[in-house]
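Structural overview for review
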Amino acid sequence: MTHPHITDSHCHLDFPDFEGQLDQVIQNAKDAGVARMVTICTKLRNEPSVRAIAEAHAPVFYAAGTHPMSVADEPMATVEELVALAKHPKFVGIGETGLDYHYTGESAEVQKRSLHIHIEAARETGLPLIIHSRAADDDMARILGDEMAKGAYTCVMHCFSSSAELARASVEMGCYLSMSGIAAFPKSRELREIFAAAPRDRILVETDSPYLAPPPHRGKRNEPAYTALTAKIAAEAFGMDYAEFAAQTEANFDRLFWKAADYNKAAA
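About the cut-offs
- Residues numbered from 1 in each chain as written.
- Predicted model: local features only at pLDDT ≥ 70, side-chain atom pairs only at ≥ 80, totals over all residues.
- Heavy atoms only, no water.
- UniProt positions renumbered as here; feature names shortened; annotations may be inferred.
- Helix = DSSP H or I, 4+ residues; strand = E, 2+ residues; numbered from the N terminus.
- Contact = heavy atoms within 4.5 Å.
- Polar contact = N/O pair within 3.5 Å; in protein donor to acceptor, adjacent residues only side chain to side chain.
- Phe/Tyr/Trp six-rings, centres within 6.5 Å; stacked < 30°, edge-to-face > 60°.
- Buried < 20%, exposed > 50% of the residue type's maximum accessible area, 1.4 Å probe, protein only.
- Lys NZ or Arg CZ within 6 Å of the ring centre and 35° of its normal.
- Disulfide = S-S within 2.5 Å.
- Salt bridge = Lys/Arg side-chain N within 4 Å of Asp/Glu carboxyl O.
- Pairing = 2+ DSSP bridges.
- Axes fitted to C-alpha atoms, helices over the stretch in contact; angles between N-to-C directions.

The UniProt record marks H10, H12, E96 and D208 with the feature "binding site: a divalent metal cation 1" (unreviewed entry), using the residue numbering of this structure. Spanning 199 residues, the annotated positions come together in the fold, the maximum distance between their C-alpha atoms being 11.2 Å. Residue placement: H10 occurs in strand 1 (residues 6–11). Setting aside residues up to four positions removed in sequence, H10 forms contacts with V38, I40, E96, I130, H158, E206, T207, D208 and S209. Of the polar contacts made by the side chain of H10, one reaches the side chain of E96; its length is 2.9 Å.

Put into structure tokens, the structure is as follows:
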């Protein structure tokens, strides 16, 4: 049985949870209809090993940045460094970057500085900014808005689980919202309603694996194949059939992650 194609727009295939199992994990994804995945480097010193995964596996693309929870302990990224990394044909996004005041509020100032650098790199490369935002809605909306006024860039709010206000503000700025396994949890009805109120052409799906496995795997290791489980529940929230929802999120991914779409076209 063939499944409609979808893309896991955010996973972490370099994490130890997948060590020695990548071939199987990528095959599982393919079997579930997850034809592409973007693996995210969260510390720039790990970029070579993340790049190697993308180079070794046809369906895998990658992005790199400094995660807000690591920013206090890592060298500050530079715009030049990010722009140089973006020359790789399979490098398709800047980040993840953002603000996390839930776990690492004490480094708020350095997180903001890092976010501004990543935004500038997204602007210069034309690649989408990949945003992690937790317990920082007001600062996030303000910074993204202020920066958008200085010069346009594109952006995805990855693993979106914030307020309806931040969702609206993000969409008004032209950002995309990405649904993770959180949106599939039974208690996440309110979050599904936030997504359902957003324009269909701004929705992506992801796993954030190895974290946040959707039911029935909740609490276990997540993997890109499970994007399909979240997408099925998401389709219901939008009142769409699965094939229609899959086609919509693929079109959205191709529009935002244009470099991955161009790469696939060139390879076809």
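Having put the structure on the table, let's press on.
A word on the packing of aromatic side chains. All chains considered together, the criterion is met by six aromatic pairs. Look at F160 and F195: their rings are 6.1 Å apart centre to centre, the planes differ by 90 degrees, and that puts the pair in the edge-to-face class. With F160 in the loop between strand 6 (155–157) and helix 7 (164–172) and F195 in helix 8 (residues 189–196), the pair connects residues that are 35 residues apart, well separated along the chain. F195 shares its class with F160; the two are buried. Above the plane of the ring of F185 lies R218, whose end atom (NZ or CZ) is 3.6 Å from the centre.

What follows covers the state of the cysteines. Tallying each qualifying case throughout the model produces zero disulfides. C155 carries a free sulfur, and the closest cysteine sulfur to it, the one in C175, is 3.4 Å from it. Here C159 stays unpaired: no disulfide links it, and the sulfur of C11, its closest cysteine neighbor, is 13 Å away.

For helix 11 (residues 258–267), the set of buried residues is K259, A260 and A261. Against the buried residues of helix 11 lie strand 2 (34–41), strand 3 (60–64), strand 4 (91–100) and helix 10 (242–256).

Taking the UniProt record as the reference, the feature "binding site: a divalent metal cation 2" (unreviewed entry) is found at H132 and H158. Spanning 27 residues, the annotated positions come together in the fold, the maximum distance between their C-alpha atoms being 5.9 Å. By secondary structure assignment, the location of H132 is in strand 5 (residues 129–134). On the basis of relative accessibility, which here comes to 7%, the residue H132 falls in the buried class.

On the secondary structure map, A56 appears in helix 2 (residues 47–56). Note: C-alpha distance between A56 and A261 (205 residues apart in sequence) is 18 Å.

Another point: the pattern of salt bridges. Applying the stated criterion across every chain yields a total of 15 salt bridges. Here R142 makes a salt bridge to D139, at a shortest N to O gap of 3.4 Å. Of the two residues, R142 and D139 both sit in helix 6 (residues 137–150), three residues apart, roughly one turn of that helix. Beyond isolated ion pairs, a larger network of salt bridges with shared partners links E109, K112, D139 and R142.

Once that is clear, we can look at the sheet that holds strand 4. Pairing between the strands of a sheet comes from backbone hydrogen bonds, and it takes one of two forms, parallel or antiparallel. Overall, parallel pairing links the eight strands, which are arranged 1-2-3-4-5-6-7-8 in an open sheet. For this open sheet the edge positions go to strand 1 and strand 8 (203–205), each flanked by a neighbour on one side alone. The average angle at which neighbouring strand axes cross in this sheet is 30 degrees, direction not considered. Pairing analysis gives three bridges linking strand 5 to strand 6, with the strands arranged parallel. Looking at the pairing, L129 lines up with C155 of strand 6.

The next point concerns unusual backbone geometry. The general pattern is negative phi for most residues beyond glycine and trans for most peptide bonds. Omega for the peptide link from S209 to P210 comes to 15 degrees, which places this bond in the cis form. Inspection of the secondary structure puts P210 in the loop between strand 8 and helix 9 (227–238). P215 connects to P216 through a cis peptide bond whose omega is 5 degrees. Considering the arrangement of structural elements, one finds P216 in the loop between strand 8 and helix 9. Here A135, not a glycine, exhibits a phi torsion of approximately 60 degrees, which is positive. For A135, the location among the structural elements is in the loop between strand 5 and helix 6. In this structure, L212 takes a positive phi of about 60 degrees despite not being glycine. In this fold, L212 is placed in the loop between strand 8 and helix 9.

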